[in-house]
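# Chain and residue survey
Each chain is listed here by its residues.
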Amino acid sequence: MKAISHREASGIEGLQYEESADLNPGTGEVKIRLMAAGINHRDLFLMAGRTASDAPFFLGSDGTGIVEAVGSLVSSAAVGDEVIIHPCIGWEKTDEVPPVPAILGGPSNGTLAQYVIVPAANVFPKPAYLSWEEAGVLPLSALTAYRALFTKGQLRRGEHVLIPGIGGGVATFAMLMALAAGATVSVTSRSKTKQQAAVEQGASFALDSHSDWRSSLGQQAVDLILDSIGPATFGQYFEVIKPNGRIVTFGASSGDEITIPIRALFFSQISIIGTSMGSREEFAAMLAFVEQHQLRPVIDRMYKLPQIKKAFERMNRGEQYGNIGISMAEGPHVPS
């Protein structure tokens, strides 16, 4: 089968489009012929930390396709089923958080390939109303957004959510989900184009990342902030959040170390909550939510498997609005 491996060099330059051995599913596993997949910032982080001495593996945590074969003791899936993959391996119960979630596509082989083998417990019926491309980019971003908003953020109808750094897959999913749940949504971005796109999709306020958020929002303080940025924006959160508000953090694109104004934290009784990925229970709940509201991913651009470097270069430059997808179908490539 054709697959994308990462080997011999750190970063995007280590990606290689190559022929790989085709494997069969073992006990409790299924083999999926992938129709589409998605890429995530997690893939960039994994590539950045690798060296020439590290063993090669296939990236990719998102994917959807058709069951090609099933291993022994599998009764939950059958050959021909159209499925979508839950990317967190072995995390069943929402409250039983593993020390480090095992995620498809590092260290196990992932979905940037024509086929992937996963535990049968990690496949769910593909939402019928979604295209292959839409379903392919759904799993990791939508799951992360769902857990951040509802499990950890405890979002309630009528609350005001702030999503800094709109444009990435998790952020755009979070905006769509919060709007569907009856919340008011505000976003920030350095890009006027991304600000305008968010307003067109229902955001009430779209702020410049470098502006005075407090002045822009006026009396519209926020109940919940979804943070994926870290130190570059964290200080501003305490200027716009209501007393008893929640900050849910799931990323650190600007660095790992933050400074917290401790009096602003305890006088206003603000909660800072960490989250990452999500359980099998939450994946099922997320799928039910998106189907109930007929939500569709915002797809920035689709690429073919051999174009993987172009796809990651676009993500690395921060140019995308929504999810970047990879199609396994034959056909013309995306223009440069």
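As shown above, the structure is provided for reference.
Residues numbered from 1 in each chain as written. Predicted model: local features only at pLDDT ≥ 70, side-chain atom pairs only at ≥ 80, totals over all residues. Heavy atoms only, no water.

### Here's the deal with the sheet that holds strand β4 (residues 57-58)
The criterion, for reference: Here the rule is simple: two strands pair whenever DSSP picks up at least two bridges between them. Counting from the N terminus, the helices are the DSSP runs of H or I reaching at least four residues and the strands are the DSSP runs of E reaching at least two.
Pairing within the open sheet is antiparallel, and its three strands lie in the order β2-β1-β4. Because the sheet does not close on itself, it has two edges, and the strands there are β2 (15-19) and β4. Where strand β1 (residues 2-6) lies against β4, two bridges are found, and the strand directions are antiparallel. Bridged to His6 within β4 is Phe57.

### Let's talk about the nonpolar core
Put simply, the rule is: The term nonpolar core refers to a set of buried residues drawn from Ala, Val, Leu, Ile, Met, Phe, Trp, Tyr and Cys, joined through side-chain atoms within 4.5 Å. Each residue is placed in one exposure class: buried if its accessible area under a 1.4 Å probe, protein chains only, is under 20% of its type's maximum, exposed if it is over 50%, and partly exposed if it falls in between. Here a residue-residue contact requires only that any non-hydrogen atoms of the pair lie within 4.5 Å.
Counting 50 residues, the largest nonpolar core has Leu149, Leu155, Val161, Ile163, Met175, Met177 and Met286 as the members making the most contacts within it. Of all the elements in the fold, those that place two or more residues in this core are α3 (139-152), β11 (160-163), α4 (169-180), β12 (184-189), α5 (192-200), β14 (222-227) and α9 (280-293). Considering every element that reaches this core, the biggest residue donor is α4, with nine residues. Setting aside residues no more than four positions away along its own chain, Val161 makes contact with Leu149, Leu155, Ala178, Ala183, Thr184, Val185, Ser186, Leu224 and Leu226. By size, the runner-up hydrophobic cluster in this structure holds 32 residues, among which are Val30, Leu44, Val74 and Val116.

### Digging into the sheet that holds strand β15 (residues 241-249)
Quick reminder of the rule: Simply put, an axis is a line fit to the C-alpha atoms, just over the touching stretch for a helix, and the angle between two N-to-C directions goes from 0 to 180 degrees.
Spatially, six strands are ordered β13-β12-β11-β14-β15-β16 in an open sheet, and the strand pairing comes out parallel. The open sheet is flanked by β13 (205-208) and β16 (271-274), the only strands paired with a single partner. Going across the sheet, the axis of each strand differs from the next one's by a mean of 20 degrees, ignoring polarity. Sheet strands in contact with helix α7 (residues 231-240) are β11, β14, β15 and β16, and its direction is about 150 degrees off that of β15.

### Overview of the packing of aromatic side chains
Applied cut-off: Pairing of aromatic rings covers Phe, Tyr and Trp, the last through its six-membered ring, and needs centres within 6.5 Å; plane angles under 30 degrees mean stacked, over 60 mean edge-to-face, and all others mean tilted. Either the NZ atom of lysine or the CZ atom of arginine qualifies as a charge over a ring when it sits within 6 Å of the ring centre and within 35 degrees of the ring normal.
Inspection of the entire model under this criterion finds eight aromatic pairs. Seen from their ring centres, Phe234 and Phe238 are 6.0 Å apart, and the 55 degrees between their planes marks the pair as tilted. You can see Phe234 and its partner Phe238 sitting in helix α7, four residues apart, about one turn around the helix. Exposure remark for Phe234: the relative accessible area of 2% places this residue in the buried category. Taken together through their ring pairs, the aromatic side chains of Trp213, Phe234, Tyr237 and Phe238 make up a single cluster. The ring of Tyr115 is capped by Lys31, whose NZ or CZ atom sits 4.7 Å from the centre of that ring. For the cation-ring pair, Lys126 lies above Trp132, with the distance from its terminal atom to the ring centre recorded as 5.1 Å.

### Digging into the pattern of salt bridges
Here is the rule: Any Lys or Arg side-chain nitrogen located within 4 Å of an Asp or Glu carboxyl oxygen qualifies as a salt bridge.
What the rule picks out here adds up to 15 salt bridges. We note a salt bridge from Arg246 to Glu159, for which the minimum N-O separation is 2.9 Å. A residue pair is termed long-range when its members are at least 10 positions apart, and Arg246 in strand β15 and Glu159 in the loop between α3 and β11 qualify at 87 residues. Side by side, Arg246 and Glu159 carry an identical accessibility label, which is buried.

### Examining the pairing of strand β17 (residues 299-304)
Put simply, side chains in a regular strand alternate between the two faces of the sheet. Condition: Handedness is read with the strands pointing away from the viewer; a crossover is right-handed when the path from the first strand over the helix to the second is clockwise.
By the bridge criterion, five bridges tie β17 to strand β18 (residues 323-327) in an arrangement that is parallel. Opposite Arg301, over in β18, you have Ile324 as the bridge partner. Remark: the β17/helix α10 (residues 308-316)/β18 crossover connection has right-handed handedness.

### With respect to the pairing of β15
When β14 meets β15, the two strands line up parallel, connected through five bridges. Bridge pairing links Leu226 to Val248 in β15. In terms of strand pairing, β15 meets β16 through four bridges, oriented parallel. Across the sheet, Thr249 pairs through a bridge with Gly274, a residue of β16.

### Digging into unusual backbone geometry
The phi torsion at Asn244 lies on the positive side, around 70 degrees, for a residue other than glycine. If you trace the backbone, Asn244 turns up in strand β15. Phi at Gln269 is positive, roughly 55 degrees, even though this residue is not glycine. Tracing the backbone through its elements, the reader meets Gln269 in the loop between α8 (262-267) and β16.

### Some thoughts on the environment of Glu133
As for its placement among the helices and strands, Glu133 is situated in helix α2 (residues 132-137). For Glu133, a relative accessible area of 29% gives the class partly exposed. Spatially, the C-alpha atoms of Glu133 and Ser327 are 6.8 Å apart, while their sequence positions differ by 194 residues. When sequence neighbours within four positions are dropped, the list of residues in contact with Glu133 reads Ala36, Ile299, Met302 and Ser327.

### So, the side chain of Asp62
The criterion, for reference: Residues adjacent in sequence count toward polar contacts only when both atoms are side-chain atoms; beyond that, a polar contact is any pair of N or O atoms within 3.5 Å, and within protein one must be able to donate a hydrogen and the other to accept it.
As for its placement among the helices and strands, Asp62 is situated in strand β5 (residues 62-70). Of the polar contacts made by the side chain of Asp62, one reaches the side chain of Asn40; its length is 3.1 Å. A polar contact is formed between the side chain of Asp62 and the backbone nitrogen of Leu140, at a distance of 2.7 Å.

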